[in-house]
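One-letter residues, chain by chain:
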Amino acid sequence: MKTLGLFIAALCLALSATALGAETDAEFRSRVATFLDEWHDDAANARMRYFDKIAPRGVYIGTDKSERWQREDFKVWAKPFFDRGKAWSFHAIKRNIDFSADKRYIWFDEQLDTQMGTCQASGVIRDTKHGLQIQHYQLSLAVPNALVDHIKDEIKAYDATQSVK
């Protein structure tokens with residue numbers, strides 16, 4: 001009987017420790033938001049750990065149609081910006097974060113205040129044994145619908161002056 005009592009006490013202790021250590025959905029969203037805010041701040045302050053937050057095979061898609069990089073190529077492209085001590089400055093205006101039931105996969109979208117004006121971005125993050133890692137990030141300019149026809153014509157005219165890519 002004494003053994004059964006010890007077993008039940010140990011089981012209760014283990015279950016309560018698990019319950020106390022479990023991260024709520026709100027806490028998890030907050031952790032992801034903090035991670036993204038720190039990532040953007042790393043770029044604004046040209047801290048190379050910015051790139052460590054991107055998975056080794058992670059993809060970054062910029063606003064130009066030619067901008068699709070895996071992490072190491074992105075690091076090479078961004079080096080001149082980081083060398084001058086300040087890269088780009090993005091601050092979230094609003095952000096939506098969703099995730100899988102096991103919290104291993106996170107997808108998000110965010111509206112950003114940037115030096116280019118308002119931008120929108122979306123991405124996928126994976127929670128790994130090494131922490132959160134950005135798997136995919138896509139940045140775009142937020143173009144008001146009323147300006148699309150004008151901007152479309154500007155892009156078409158610009159593309160006509162460029163060599164075919």
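Above this note sits the structure.
As the structure is a computational prediction, the values presented were derived from the model and not from experiment. (Residues numbered from 1 in each chain as written. Predicted model: local features only at pLDDT ≥ 70, side-chain atom pairs only at ≥ 80, totals over all residues. Heavy atoms only, no water.)

1. Focus: the overall build of the protein
Thought 1: Assigned secondary structure in the protein consists of five helices and six strands.
Thought 2: Its helices and strands in sequence order give the protein the pattern α-α-α-β-β-α-β-β-β-β-α, from N to C terminus.
Thought 3: Looking at the protein as a whole, 32% of its 165 residues qualify as buried.
Thought 4: Summed over its atoms, the accessible surface of the protein is roughly 11000 Å², and 57% of this surface lies on carbon and sulfur atoms. (Helix = DSSP H or I, 4+ residues; strand = E, 2+ residues; numbered from the N terminus. Buried < 20%, exposed > 50% of the residue type's maximum accessible area, 1.4 Å probe, protein only. Areas by Shrake-Rupley, 256 points an atom, 1.4 Å probe, with all protein chains shown as cover.)

2. Description of the pattern of salt bridges
Thought 1: If you walk through the whole model with that rule in mind, you get 15 salt bridges.
Thought 2: Close ionic contact of Asp-42 with Arg-49 constitutes a salt bridge, the shortest N to O distance being 3.0 Å.
Thought 3: On the basis of relative accessible area, Asp-42 is assigned to the buried category, the value being 1%.
Thought 4: The partly exposed category is assigned to Arg-49, whose relative accessible area is 45%.
Thought 5: Several salt bridges share partner residues, and in doing so they unite Asp-41, Asp-42, Arg-47, Arg-49 and Lys-53 into one network. (Salt bridge = Lys/Arg side-chain N within 4 Å of Asp/Glu carboxyl O.)

3. So, unusual backbone geometry
Thought 1: In this model, Ala-46 sits at a positive phi of 50°, which is unusual for a non-glycine residue.
Thought 2: Mapped onto the elements, Ala-46 comes out in the loop between helix H2 (25-44) and helix H3 (49-52).
Thought 3: For Ala-46, a relative accessible area of 16% puts it in the buried group.

4. Topic: the environment of Thr-161
Thought 1: Its location among the elements puts Thr-161 in helix H5 (residues 148-161).
Thought 2: Its relative accessible area of 59% is what places Thr-161 among the exposed residues.
Thought 3: Of note is the side chain of Thr-161, whose polar atom sits 3.0 Å from the side chain of Gln-162. (Polar contact = N/O pair within 3.5 Å; in protein donor to acceptor, adjacent residues only side chain to side chain.)

5. Description of the sheet that holds strand S3 (residues 91-99)
Thought 1: An order of S2-S1-S6-S5-S4-S3 is seen for the six strands of this open sheet, with the pairing classed as mixed. Strands at the two margins of the open sheet, each flanked by one partner only, are strand S2 (68-70) and S3. Direction aside, neighbouring strands of the sheet carry axes that sit 15° apart on average.
Thought 2: Relative to S2, strand S1 (residues 54-61) is paired through three bridges, and the arrangement is antiparallel. Opposite Tyr-60, over in S2, you have Trp-69 as the bridge partner.
Thought 3: Most of the contacts of H2 go to S3, to which it runs at about 135°, and overall it touches S1, S3, strand S4 (105-114), strand S5 (117-128) and strand S6 (131-141).
Thought 4: Across the sheet, helix H4 (residues 71-83) is in contact with S1 and S2; its angle to S2 comes to roughly 115°. (Pairing = 2+ DSSP bridges. Axes fitted to C-alpha atoms, helices over the stretch in contact; angles between N-to-C directions. Contact = heavy atoms within 4.5 Å.)

6. Observations concerning the pairing of S4
Thought 1: Going residue by residue along S4, you find Ile-106, Phe-108, Glu-110, Leu-112 and Thr-114 tucked away on one face and Tyr-105, Trp-107, Asp-109, Gln-111 and Asp-113 left uncovered on the opposite face.
Thought 2: Taken together, the eight bridges between S3 and S4 define a ladder with antiparallel strand orientation. Across the sheet, the residue bridging to Ala-92 is Leu-112, located in S4.
Thought 3: Joining the antiparallel neighbours S3 and S4 is a turn of five residues, in which Lys-103 adopts a positive phi near 60°.
Thought 4: Direction of pairing for S4 relative to S5: antiparallel, over a ladder of ten bridges.

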